[in-house]
Amino acid sequence: MHYIYLHGFASSPRSTKARDLSDRFAALDMSLSIPDLNQNDFSHLTLSRQIQQVEALFPPAPAPVTLIGSSFGGLTAAWLGERHLQVDRLVLLAPAFSFLAHWLPRLGDQVEQWQTDGYLSVYHYSEAKELPLHYAFVTDAAQYQEESITRSLSTLILHGRHDDVIPLQASLDFARTRPWIKLVELDSSHALTDVSTEIWQAIQSFCAL
(Lines give C-alpha, C1' and ligand atoms only; values in the text may rest on other atoms or scores of the structure.)
Protein backbone atom coordinates (compact mmCIF):
# COMPACT_ATOMS: atom_id res chain seq x y z
CA MET A 1 0.00 0.00 0.00
CA HIS A 2 1.24 3.47 -0.94
CA TYR A 3 0.21 6.29 1.44
CA ILE A 4 0.10 9.94 0.38
CA TYR A 5 -0.86 12.95 2.53
CA LEU A 6 -2.19 16.09 0.82
CA HIS A 7 -1.93 19.28 2.86
CA GLY A 8 -4.47 22.08 2.79
CA PHE A 9 -4.76 25.39 0.96
CA ALA A 10 -2.02 27.91 1.83
CA SER A 11 -0.32 25.24 3.93
CA SER A 12 2.68 22.97 3.35
CA PRO A 13 4.33 19.64 4.26
CA ARG A 14 5.58 21.47 7.37
CA SER A 15 2.08 21.87 8.79
CA THR A 16 1.24 20.52 12.23
CA LYS A 17 -0.97 17.71 10.88
CA ALA A 18 1.54 16.74 8.19
CA ARG A 19 4.42 16.47 10.66
CA ASP A 20 2.30 14.64 13.21
CA LEU A 21 1.12 12.02 10.73
CA SER A 22 4.60 11.64 9.26
CA ASP A 23 6.00 10.91 12.72
CA ARG A 24 3.23 8.43 13.50
CA PHE A 25 3.74 6.53 10.22
CA ALA A 26 7.51 6.52 10.81
CA ALA A 27 6.96 5.00 14.26
CA LEU A 28 5.35 2.04 12.47
CA ASP A 29 8.25 1.86 9.98
CA MET A 30 5.86 2.99 7.25
CA SER A 31 6.39 5.66 4.64
CA LEU A 32 4.01 8.58 4.13
CA SER A 33 4.61 10.69 1.03
CA ILE A 34 3.84 14.38 1.59
CA PRO A 35 4.23 16.41 -1.63
CA ASP A 36 4.52 20.20 -1.52
CA LEU A 37 1.41 21.23 -3.43
CA ASN A 38 2.65 24.83 -3.62
CA GLN A 39 5.32 23.76 -6.13
CA ASN A 40 7.23 26.96 -5.32
CA ASP A 41 4.49 28.82 -7.20
CA PHE A 42 1.49 29.33 -4.93
CA SER A 43 0.36 32.21 -7.14
CA HIS A 44 -0.66 29.82 -9.91
CA LEU A 45 -2.15 27.08 -7.77
CA THR A 46 -5.26 25.34 -9.14
CA LEU A 47 -7.18 22.21 -8.25
CA SER A 48 -6.27 20.77 -11.65
CA ARG A 49 -2.57 21.36 -11.00
CA GLN A 50 -2.79 19.60 -7.63
CA ILE A 51 -4.58 16.62 -9.15
CA GLN A 52 -1.97 16.30 -11.91
CA GLN A 53 0.93 16.64 -9.45
CA VAL A 54 -0.36 13.84 -7.22
CA GLU A 55 -1.25 11.59 -10.17
CA ALA A 56 2.43 11.70 -11.16
CA LEU A 57 3.37 10.31 -7.73
CA PHE A 58 1.23 7.19 -8.04
CA PRO A 59 3.13 3.90 -8.25
CA PRO A 60 2.59 1.79 -11.38
CA ALA A 61 -0.92 0.34 -11.54
CA PRO A 62 -2.46 -1.68 -10.03
CA ALA A 63 -0.48 -0.94 -6.83
CA PRO A 64 -3.07 0.37 -4.35
CA VAL A 65 -2.97 3.92 -3.00
CA THR A 66 -4.47 5.39 0.18
CA LEU A 67 -4.91 9.15 0.14
CA ILE A 68 -5.17 11.24 3.30
CA GLY A 69 -6.19 14.80 2.51
CA SER A 70 -6.75 17.89 4.64
CA SER A 71 -9.21 20.64 3.60
CA PHE A 72 -8.39 21.57 -0.04
CA GLY A 73 -6.09 18.54 -0.08
CA GLY A 74 -9.11 16.48 0.95
CA LEU A 75 -11.09 17.83 -1.98
CA THR A 76 -8.15 16.96 -4.25
CA ALA A 77 -8.07 13.44 -2.80
CA ALA A 78 -11.79 12.98 -3.45
CA TRP A 79 -11.36 13.81 -7.13
CA LEU A 80 -8.33 11.53 -7.44
CA GLY A 81 -10.39 8.73 -5.90
CA GLU A 82 -13.12 9.32 -8.45
CA ARG A 83 -10.70 9.15 -11.38
CA HIS A 84 -8.31 6.37 -10.39
CA LEU A 85 -9.25 2.79 -9.52
CA GLN A 86 -5.81 2.52 -7.92
CA VAL A 87 -7.09 4.64 -5.06
CA ASP A 88 -8.76 2.11 -2.79
CA ARG A 89 -9.22 4.22 0.37
CA LEU A 90 -9.68 7.87 1.31
CA VAL A 91 -9.27 9.65 4.63
CA LEU A 92 -10.59 13.21 4.38
CA LEU A 93 -9.90 15.70 7.18
CA ALA A 94 -12.35 18.62 7.08
CA PRO A 95 -12.53 18.28 3.28
CA ALA A 96 -13.18 21.50 1.37
CA PHE A 97 -16.45 20.51 -0.29
CA SER A 98 -18.30 23.49 -1.79
CA PHE A 99 -15.08 25.44 -1.25
CA LEU A 100 -15.91 28.41 -3.50
CA ALA A 101 -19.45 28.65 -2.13
CA HIS A 102 -18.04 29.09 1.36
CA TRP A 103 -15.01 31.25 0.55
CA LEU A 104 -16.09 33.72 -2.12
CA PRO A 105 -19.02 35.27 -0.17
CA ARG A 106 -16.58 36.16 2.60
CA LEU A 107 -14.46 38.13 0.15
CA GLY A 108 -17.41 40.33 -0.85
CA ASP A 109 -16.42 43.10 -3.28
CA GLN A 110 -12.87 41.74 -3.41
CA VAL A 111 -14.03 39.02 -5.79
CA GLU A 112 -14.85 41.49 -8.57
CA GLN A 113 -11.57 43.31 -7.94
CA TRP A 114 -9.73 39.97 -8.02
CA GLN A 115 -11.26 39.16 -11.38
CA THR A 116 -10.31 42.59 -12.73
CA ASP A 117 -6.77 42.72 -11.35
CA GLY A 118 -6.01 39.04 -11.92
CA TYR A 119 -4.46 38.53 -8.48
CA LEU A 120 -5.64 38.57 -4.87
CA SER A 121 -3.39 38.76 -1.81
CA VAL A 122 -3.94 35.65 0.32
CA TYR A 123 -2.34 34.92 3.67
CA HIS A 124 -0.17 31.81 3.35
CA TYR A 125 0.04 30.14 6.75
CA SER A 126 3.24 28.25 6.07
CA GLU A 127 5.07 31.24 4.61
CA ALA A 128 3.55 33.53 7.27
CA LYS A 129 2.96 36.30 4.75
CA GLU A 130 0.58 37.50 2.04
CA LEU A 131 1.09 35.97 -1.39
CA PRO A 132 -0.71 36.76 -4.67
CA LEU A 133 -3.12 34.13 -6.03
CA HIS A 134 -4.27 34.25 -9.66
CA TYR A 135 -8.00 34.31 -10.45
CA ALA A 136 -7.53 31.13 -12.50
CA PHE A 137 -7.80 29.38 -9.12
CA VAL A 138 -11.50 30.28 -9.12
CA THR A 139 -12.30 29.55 -12.75
CA ASP A 140 -10.53 26.20 -12.55
CA ALA A 141 -12.23 25.12 -9.31
CA ALA A 142 -15.65 26.12 -10.68
CA GLN A 143 -15.35 23.38 -13.32
CA TYR A 144 -15.41 20.66 -10.66
CA GLN A 145 -18.97 19.76 -9.69
CA GLU A 146 -19.03 17.46 -6.68
CA GLU A 147 -22.25 15.76 -7.80
CA SER A 148 -19.96 13.99 -10.32
CA ILE A 149 -18.09 12.18 -7.54
CA THR A 150 -20.00 8.91 -7.59
CA ARG A 151 -17.46 6.09 -7.31
CA SER A 152 -18.22 3.73 -4.41
CA LEU A 153 -14.94 4.01 -2.51
CA SER A 154 -14.15 3.23 1.12
CA THR A 155 -14.00 6.71 2.64
CA LEU A 156 -13.54 8.09 6.16
CA ILE A 157 -14.37 11.75 6.78
CA LEU A 158 -13.28 13.42 10.03
CA HIS A 159 -14.80 16.88 10.49
CA GLY A 160 -14.95 19.32 13.40
CA ARG A 161 -18.33 20.44 14.72
CA HIS A 162 -17.00 23.96 15.26
CA ASP A 163 -15.44 24.38 11.81
CA ASP A 164 -16.07 27.97 10.65
CA VAL A 165 -14.06 27.62 7.42
CA ILE A 166 -15.77 24.60 5.83
CA PRO A 167 -18.88 23.89 7.93
CA LEU A 168 -19.55 20.34 9.08
CA GLN A 169 -22.76 20.54 7.04
CA ALA A 170 -20.70 20.41 3.83
CA SER A 171 -19.44 16.93 4.75
CA LEU A 172 -22.87 15.86 6.01
CA ASP A 173 -24.41 16.87 2.68
CA PHE A 174 -21.69 15.08 0.72
CA ALA A 175 -22.00 11.87 2.75
CA ARG A 176 -25.80 11.79 2.75
CA THR A 177 -26.12 10.33 -0.76
CA ARG A 178 -22.94 8.24 -0.60
CA PRO A 179 -23.51 5.26 1.74
CA TRP A 180 -19.90 4.10 1.37
CA ILE A 181 -18.72 7.07 3.46
CA LYS A 182 -18.17 6.90 7.22
CA LEU A 183 -18.40 10.38 8.77
CA VAL A 184 -17.01 11.04 12.25
CA GLU A 185 -17.74 14.35 13.97
CA LEU A 186 -15.01 15.71 16.23
CA ASP A 187 -15.20 18.35 18.94
CA SER A 188 -12.81 20.68 17.13
CA SER A 189 -12.38 23.49 14.60
CA HIS A 190 -11.15 23.43 10.99
CA ALA A 191 -7.52 22.98 12.01
CA LEU A 192 -8.22 19.74 13.92
CA THR A 193 -4.83 20.10 15.61
CA ASP A 194 -6.26 19.55 19.09
CA VAL A 195 -7.65 16.11 18.22
CA SER A 196 -4.56 14.56 16.65
CA THR A 197 -4.78 11.46 18.84
CA GLU A 198 -8.41 10.83 17.87
CA ILE A 199 -7.54 11.34 14.21
CA TRP A 200 -4.65 8.88 14.38
CA GLN A 201 -6.74 6.25 16.17
CA ALA A 202 -9.44 6.58 13.51
CA ILE A 203 -6.87 6.30 10.70
CA GLN A 204 -5.22 3.26 12.30
CA SER A 205 -8.56 1.50 12.61
CA PHE A 206 -9.83 2.47 9.17
CA CYS A 207 -6.59 1.59 7.37
CA ALA A 208 -5.84 -1.46 9.57
CA LEU A 209 -2.37 -0.14 10.37
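It should be noted that the structure appears before, not after, this text.
Being a predicted model, the structure only gives us computed values, none of them experimental.

Asks: Would you mind showing me how to read the side chain of His 159 here?
Replies: Along the chain, His 159 falls in strand 7 (residues 155-160). Take His 159: its relative accessible area is 0%, and that puts it in the buried class. Separated by 3.1 Å, the side chains of His 159 and Asp 163 make a polar contact. With residues up to four places along the chain from it excluded, the contact list for His 159 reads Ala 94, Pro 95, Ile 166, Pro 167, Leu 168, Ser 171, Leu 183, Val 184, Glu 185 and Leu 186.

Asks: Please explain the packing of helix 2 (residues 47-55) against helix 3 (residues 72-83) as it appears in this structure.
Replies: In helix packing, the relevant descriptors are the interaxial angle and the interaxial distance, both defined with respect to the helix axes. Between helix 2 and helix 3, the least distance of the axes is 10 Å, while the angle of their chain directions is 60 degrees. Taken together, the axes of helix 2 and helix 3 are oblique relative to one another. For the pair helix 2 and helix 3, the sense of crossing is right-handed. Where helix 2 abuts helix 3, its residues Leu 47, Gln 50, Ile 51, Val 54 and Glu 55 lie against Phe 72, Leu 75, Thr 76, Trp 79, Leu 80 and Arg 83. Classifying every residue of the contact of helix 2 with helix 3 gives seven nonpolar, two polar and two charged.

Asks: Is there a simple way to explain the pattern of salt bridges in this structure?
Replies: Oppositely charged side chains may form a pair once their charged atoms are brought near each other. Counting across every chain of the model gives five salt bridges. Among the salt bridges present, the one from Glu 127 reaches Arg 14, with a minimum N-O distance of 3.9 Å. Here Arg 14 lies in the loop between strand 1 (2-6) and helix 1 (16-27) and Glu 127 lies in the loop between strand 5 (119-124) and strand 6 (129-134), a separation of 113 residues in the sequence. A relative accessible area of 41% means that Glu 127 is categorised as partly exposed.

Asks: Hey, could you run me through the pairing of strand 3 (residues 65-70) in this one?
Replies: Each regular strand shows side chains that alternate between the opposite faces of the sheet. Burial analysis of strand 3 places six of its six residues in the buried class, the great majority of the element. Alternating residues of strand 3 divide into Val 65, Leu 67 and Gly 69 and Thr 66, Ile 68 and Ser 70, and every residue in both groups is buried. As judged from the six bridges shared by strand 3 and strand 4 (residues 87-93), these two strands associate in the parallel manner. Bridged to Ile 68 within strand 4 is Val 91. With respect to chirality, the unit in which strand 3 leads through helix 3 into the neighbouring parallel strand 4 is right-handed.

Asks: Just to check I follow, could you spell out the environment of Phe 97 for this structure?
Replies: With respect to the element layout, Phe 97 can be found in the loop between strand 4 and helix 4 (99-107). Note on Phe 97: relative accessible area 1%, which makes it buried. Sequence spacing of Phe 97 and Ser 171 is 74 residues, and the spatial spacing of their C-alpha atoms is 6.9 Å. If sequence neighbours within four positions are ignored, Phe 97 has contacts with Leu 75, Ala 78, Leu 92, His 102, Glu 146, Ile 157, Ile 166, Ala 170, Ser 171 and Phe 174.

Cut-offs used in this document
Residues numbered from 1 in each chain as written. Predicted model: local features only at pLDDT ≥ 70, side-chain atom pairs only at ≥ 80, totals over all residues. Heavy atoms only, no water. Helix = DSSP H or I, 4+ residues; strand = E, 2+ residues; numbered from the N terminus. Buried < 20%, exposed > 50% of the residue type's maximum accessible area, 1.4 Å probe, protein only. Polar contact = N/O pair within 3.5 Å; in protein donor to acceptor, adjacent residues only side chain to side chain. Contact = heavy atoms within 4.5 Å. Axes fitted to C-alpha atoms, helices over the stretch in contact; angles between N-to-C directions. Parallel < 35°, antiparallel > 145°, perpendicular 65-115°, else oblique. Left-handed = near helix turned anticlockwise from the far one by under 90°. Nonpolar A, V, L, I, M, F, W, Y, C, P; charged D, E, K, R; others polar. Salt bridge = Lys/Arg side-chain N within 4 Å of Asp/Glu carboxyl O. Pairing = 2+ DSSP bridges. Right-handed = clockwise from strand over helix to strand, strands pointing away.

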